[in-house]
Amino acid sequence: MSTSITNSRPICTYPIPVSIQSKLSKAGFLTTGSVLNLRPSELSSSAEISLEDAADVLDLVRKPNGLFLETKTALEILREEQGNYPIVTMSQNIDNLLNGGVPLSKVTEISGIAGVGKTQLCLQLCVTVQMPEECGGLKGHAVFIDTEGSFNASRLQDMSQACIKHCRNSMNLAAENWNFASITENIFVFRCKEVTELLSCVMILKEFLKTHDQVKLIVIDSLAFHFRHDMENAALRSRVLHKIAAELVRIAVELKLAVVVTNQMTTKFDSKGQGHLTPALGTSWGHAPTFRIILDWDPSRNFRWAALIKSSSLPPGSAPYQVVQDGIRDVCFDKEVTPPIAIVEDGIPGISFSNSEV
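Anyway, here's the lowdown on the structure attached to this text. (Residues numbered from 1 in each chain as written. Predicted model: local features only at pLDDT ≥ 70, side-chain atom pairs only at ≥ 80, totals over all residues. Heavy atoms only, no water.)

## Focus: the packing of aromatic side chains
- Tallied over the full model, the rule gives 5 aromatic pairs.
- Their ring planes at 70° and their centres at 5.0 Å tell us that F144 and F151 sit as a pair that is edge-to-face.
- Given the relative accessible area of 0%, F144 is considered buried.
- Overall, the relative accessible area of 22% leaves F151 in the partly exposed class.
- With 5.4 Å between their ring centres and 85° between their planes, F190 and F208 make a pair best called edge-to-face. Here F190 is found in strand β3 (residues 187-191), whereas its partner F208 is found in helix α10 (residues 195-210), with 18 residues between them in sequence.
- Relative accessible area serves as the criterion here: at 21%, F190 is assigned to the partly exposed category.
- Given the relative accessible area of 18%, F208 is considered buried.
- Through successive ring pairs, a cluster of aromatic residues spans F188, F190 and F208.
- Cation over ring: R9 sits above Y14, and NZ or CZ is 4.0 Å from the ring centre. (Phe/Tyr/Trp six-rings, centres within 6.5 Å; stacked < 30°, edge-to-face > 60°. Buried < 20%, exposed > 50% of the residue type's maximum accessible area, 1.4 Å probe, protein only. Helix = DSSP H or I, 4+ residues; strand = E, 2+ residues; numbered from the N terminus. Lys NZ or Arg CZ within 6 Å of the ring centre and 35° of its normal.)

Shown next, in the form of C-alpha cells:
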C-alpha cells in the first residue's frame, strides 16, 4: 500500500470508539495523514481527548497495512483448539457428552432449577482444573465469582480429598505434590453482592489475570441472580448484560481459559398459552454461550441428567449423573432409562422427558 493511499485513509475506517471519532472529526482530523505526524500531547490537546486515548489512536494508525486486525488461518485455529485440553468433571458420562469435558476458550452456561447441582458442578470443576497433568488435569487455578453466597468451603474439602485420593491411587502421586492446602490457595473467590459489583469484577478480570496467568477457569455462580432481583429497567439490564457477555467471551478466547456461568430457570409461555421451563436472561444472552447445558432431575428422582441443548460443534444429548459426598460422579443402571431430549417450542429452548408429562 503506497504512502499516499495510507495517508488519505479516513479515520472512520479504523476501530476507534465512536465518541473519540466524533471528537477527532470535530477537530478536523479526518484522515490518517492529518494525525500521523502529531505527538500524543498535541492530538490530545487539539481533539480534547485524554492522553491515553490519543496514544492509542496514533499507535493504531501507524501500524502498516491496517495490521490492527489479527489474522489467523483456519489450520492455526484448529491446531490451537486441538491443543486446548478440556476440564474433566469426574463424570465420564458428562465428559463424553462434552467431547472430553468443559472446553477452554469457550463460555459454557449451566442452567437448572434450585438444588439440582449447578454449584456442585462448579465446585467440582474448581478442583479438577487443578489436577496434575498426569491425572488428566490442567494444573491450573480457578476464579469463583459468587453472587448468591453459594460458595461452600466444606463441600470443596469433600471433593478435594476424594480427587486427591483418586489421583494418588491411579498415578501413585506423592502427597506433597498435590494436597488440599494447595487446592484452596489456588481458588480466588470474589463475592459480588449487587450488579454493579459484578460488572466491576468482570471488567477488572483481565487486569487480575495478568498477575495470575495460571488461571484456567472462571466461574460465575450465578449470572442471573442480580439481574432478576436488582434491575427493573429492561434497557439498562440488557446493556449491562451485553457488556458482561462480551467481556467474558473476549477473556475466554484471548486468554484460552474456560468461562462457566450458572443460570436460573424461568417459565415462558408459548403461543398456545402453555408454560415451559427455560433458562433465564432472555434470547439475547442465549447467543453468548458456546455451550448451554440444562441440569434436571430424572422423573424417578433417583438421579439427575445433564442435557446439552446448544453447541456449535457437538450434537444435542444427555448424560446421567449423581451428586455424592465425593462430588459429581457417574450413575449406573440395572435397567434401560429414557433420557431427556432438547426441544424448542416457539423459540423457547428447554428439555423434555418423553415418558413424563410436559
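## Let's talk about the sheet that holds strand β4 (residues 215-221)
- The strand order across the open sheet built from 9 strands is β3-β2-β4-β5-β1-β8-β9-β10-β11, with neighbouring strands paired in mixed fashion. Looking at the sheet topology across the chains shown, the edges are occupied by β3 and β11 (327-329). In this sheet, adjacent strand axes meet at a mean angle of 25° when their direction is disregarded.
- When β4 meets strand β5 (residues 258-263), the two strands line up parallel, connected through 4 bridges. Across the sheet, residue V219 finds its bridge partner in β5, namely V260.
- Of the strands in this sheet, β3, β10 (317-324) and β11 touch helix α8 (residues 153-171), which is tilted by about 50° from β11. (Pairing = 2+ DSSP bridges. Axes fitted to C-alpha atoms, helices over the stretch in contact; angles between N-to-C directions. Contact = heavy atoms within 4.5 Å.)

## Description of the nonpolar core
- I87, W178, L217 and V260 are the most contacted members of the largest nonpolar core, which has 44 residues in total.
- Of all the elements, helix α7 (residues 118-128) adds the most residues to this core, at 6 residues.
- Counting residues in each nonpolar core, the second largest holds 32 residues, with V107, V195, I220 and V261 among its members. (Core = buried A, V, L, I, M, F, W, Y, C linked by side-chain atoms within 4.5 Å.)

These figures capture arrangement, not role.
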